[in-house]
Structure formats: structure tokens, C-alpha cells
Amino acid sequence: MKGDSMRDEYDFSKGERGKFYRPDAKIHLPLYLDDDVQAKLLSLAAAKGEDYSVFVNDLLKKDIELIQLAQ
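Caption draft 1: Structural view of the overall build of the chain. Assigned secondary structure in the chain consists of 2 helices and 0 strands. Its C-alpha atoms give the chain a radius of gyration of 22 Å, clearly above 11 Å, the size a compact globule of 71 residues would have. A principal-axis box enclosing the C-alpha atoms of the chain has dimensions of 55 × 35 × 25 Å. The 71 residues of the chain split such that 6% are buried. Computed over 11 positive and 14 negative side-chain charges, the separation of the two mean positions in the chain equals 7 Å.

Caption draft 2: Examining a nonpolar patch on the surface more closely. Residues Met6, Tyr10 and Phe12 make up a contiguous nonpolar surface patch of roughly 420 Å² in combined accessible area. Structurally, the position occupied by Met6 is in the segment before helix H1 (35-48).

Caption draft 3: Spotlight on the packing of aromatic side chains. Taken as a whole and assessed by the stated rule, the structure comprises 1 aromatic pair. Ring centres of Tyr10 and Phe12 lie 6.4 Å apart, and the angle between their planes is 35°; on these two criteria the pair is classed as tilted. According to the relative accessible area criterion, Tyr10 is partly exposed, its value standing at 40%.

Caption draft 4: Representation of helix H2 (residues 52-70) within the structure. Along its 19 residues, H2 runs 27 Å from first to last C-alpha, staying within 8% of the 27 Å computed at 1.5 Å per residue. N-capping of H2 is provided by Asp51, with a side-chain oxygen placed 3.1 Å from the backbone N of Ser53.

Caption draft 5: Just H1, in detail. Between the first and last C-alpha of H1 there are 20 Å, a value that for 14 residues agrees with the 20 Å anticipated at 1.5 Å per step. Of the residues flanking the end of H1, it is Gly49, one or two places downstream, whose phi is positive at about 70°.

Caption draft 6: Region of interest: the packing of H1 against H2. Contact geometry for H1 and H2: axes closest at 9 Å, N-to-C directions at 105°. Here H1 lies roughly perpendicular to H2, going by the angle between them. Contacts between H1 and H2 pair Gln38, Leu41, Leu42, Leu44, Ala45 and Lys48 from the former with Tyr52, Phe55, Val56 and Leu59 from the latter. Looking at side-chain class alone, the contact of H1 with H2 contains 8 nonpolar, 1 polar and 1 charged residues.

Caption draft 7: Fine view of the environment of Asp11. As for its placement among the helices and strands, Asp11 is situated in the segment before H1. Sequence separation of Asp11 and Gln38 is 27 residues, and the distance between their C-alpha atoms is 45 Å. Only 2.7 Å separates the side chain of Asp11 from the side chain of Ser13, close enough to count as a polar contact.

Criteria and thresholds
- Residues numbered from 1 in each chain as written.
- Predicted model: local features only at pLDDT ≥ 70, side-chain atom pairs only at ≥ 80, totals over all residues.
- Heavy atoms only, no water.
- Helix = DSSP H or I, 4+ residues; strand = E, 2+ residues; numbered from the N terminus.
- Rg over C-alpha atoms; globule rule 2.2 N^0.38 Å.
- Buried < 20%, exposed > 50% of the residue type's maximum accessible area, 1.4 Å probe, protein only.
- Lys, Arg positive; Asp, Glu negative; His and termini not counted.
- Charge placed at Lys NZ, Arg CZ, Asp CG, Glu CD.
- Patch = residues over 30% accessible without salt bridge, like charges linked within 9 Å, V, L, I, M, F, W, Y side chains within 5 Å.
- Areas by Shrake-Rupley, 256 points an atom, 1.4 Å probe, with all protein chains shown as cover.
- Salt bridge = Lys/Arg side-chain N within 4 Å of Asp/Glu carboxyl O.
- Phe/Tyr/Trp six-rings, centres within 6.5 Å; stacked < 30°, edge-to-face > 60°.
- Expected span 1.5 Å × (residues − 1).
- Polar contact = N/O pair within 3.5 Å; in protein donor to acceptor, adjacent residues only side chain to side chain.
- Axes fitted to C-alpha atoms, helices over the stretch in contact; angles between N-to-C directions.
- Parallel < 35°, antiparallel > 145°, perpendicular 65-115°, else oblique.
- Contact = heavy atoms within 4.5 Å.
- Nonpolar A, V, L, I, M, F, W, Y, C, P; charged D, E, K, R; others polar.

Coordinates in, geometry out; function isn't part of it.
Here you go:
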């Protein structure tokens, strides 16, 4: 198939180091939940009328607080 292979060499002589680097950029890593866990969280958030992301973040913050209290 055309375009599926890499060349032996690439010319980066006109490249600019750090062109897209942003020191203040935040990276949001994907989080993968088990299907049953995600379904339950979606259901609980909907039942409370809350945004799913806000609900999960609040839940995790509470768990972190409990873990810290138990230490």
C-alpha cells in the first residue's frame, strides 16, 4: 500500500526546535475505566443531575481525602 512505509532518511535541516513547546501547557491523559464502573458512574451522575466529569472528580477528591486521613 502506498504511504505505509517509512523512508530511510528524513530531512530535518529546516526544522525549528521547540516550535510547539508550551511550558504552561496542561496535559490531560486519558483515563480508561472498566465498562461496568463507567456505566455505574454515568448512571449515578445522571441520577444526581451532575456532569459526569465533575461527578467523577468530586468522587476522587473525596476518596483522596479519606486515604490521607487514614494514613
